[in-house]
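Here's the letter readout for the chains.
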Amino acid sequence: MADQNNKKVVKVYATEEDVAVSLAKYVADLSAKFAKERGSFTVVLSGGYLIDTIRVVPKNHVDSNYKLAFDGFLSKVPIPPGQVSAINDALSAEGAAEDYQTGLKHLVDTGVLAKSSVTGFPKFDLMLLGMGPDGHVASLFPGHPLLEEKVKWVTHIMDSPKPPPQRITFTFPVINSSAYIAMVVCGPGEVDAVYKALGKNENPVLLPVQRVTPEEELKWFLDEVAASKLQE
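Bear in mind the structure is a predicted one, so any value in this text is a computation, not a measurement. (Residues numbered from 1 in each chain as written. Predicted model: local features only at pLDDT ≥ 70, side-chain atom pairs only at ≥ 80, totals over all residues. Heavy atoms only, no water.)

A. Local environment of the overall build of the chain. Helices and strands together make up the secondary structure of the chain, namely five helices and eleven strands. Counting every position in the chain, which comprises 232 residues, the buried fraction comes to 47%. (Helix = DSSP H or I, 4+ residues; strand = E, 2+ residues; numbered from the N terminus. Buried < 20%, exposed > 50% of the residue type's maximum accessible area, 1.4 Å probe, protein only.)

Structure, rendered in structure tokens:
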């Protein structure tokens, strides 16, 4: 299923393993494309079961997205450590957000990270995102004031409705300046949110995930369980 107006593609796979295989190929193909075009590839890896937020906990903590990513992925591929940008876990949530934004600005200034010609915000080649049962993405939750942040690249949240309460997150201007976004949702937990976001019945109140509109393509990767209400 594809919507050419907002460059949205929805793919449903039989199993979570099939999702993983297809997602791996998608990432590899985009990596090859950008490496050929400009010699580098910038990708954002969110947390949760995808490996849905950036948590402010020590890097060796069980809830650390960096630990999840390192143990499950980064330690197994030849990416130099200097090319991985993690949160400074020695700082407060506010300090960590400011520090991370400063790091991103350095990457933009040195040409490592592209800048959107449309918005002026940093433009990642690819963001890999998940979605919560309430339709939240990153640490952008329904009804929260951070949904309307228009200036900051990275910000902090002190009252997350989902533990832990203190997090940092990319803002929608940065998320939507990405060239490509893969939205990966598997299993029964997000069935209702998938239906609200993608079903035929118009949702009167936009879920945060429905605000995701990258510059090139938004591709949903769903297994049959997560997409089950779409097929009714």
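That was the structure; now back to the text.
B. Focus on the packing of aromatic side chains. Scanning the entire structure with this criterion turns up six aromatic pairs. Centre to centre, the rings of phenylalanine 34 and phenylalanine 41 are 6.1 Å apart; their planes meet at 25 degrees, and the pair counts as stacked. A relative accessible area of 8% means that phenylalanine 34 is categorised as buried. Taking 6.0 Å as the distance between ring centres and 65 degrees as the angle between the ring planes, the aromatic pair formed by tyrosine 100 and phenylalanine 170 counts as edge-to-face. Of the two residues, tyrosine 100 sits in helix α3 (residues 93-109) while phenylalanine 170 sits in strand β9 (residues 167-170), which places them 70 residues apart along the sequence. (Phe/Tyr/Trp six-rings, centres within 6.5 Å; stacked < 30°, edge-to-face > 60°.)

C. Expanded view of the nonpolar core. Core analysis: the largest hydrophobic core is formed by 43 residues, its most contacted members being Met127, Phe170, Ile175, Met183 and Trp220. Every element with two or more residues in this core is listed here: α3, β7 (126-129), β8 (154-157), β9, α4 (172-175), β10 (180-185), α5 (191-198) and β11 (217-223). A total of five residues in this core trace back to one element, the largest contributor, which is α3. When near neighbours in sequence (up to four residues on either side) are disregarded, isoleucine 175 contacts Met127, Leu129, Ala138, Leu140, Phe170, Ile181 and Val212. Formed by 14 residues, the second largest nonpolar core is a distinct cluster that contains Tyr13, Tyr26, Leu128 and Phe221. (Core = buried A, V, L, I, M, F, W, Y, C linked by side-chain atoms within 4.5 Å. Contact = heavy atoms within 4.5 Å.)

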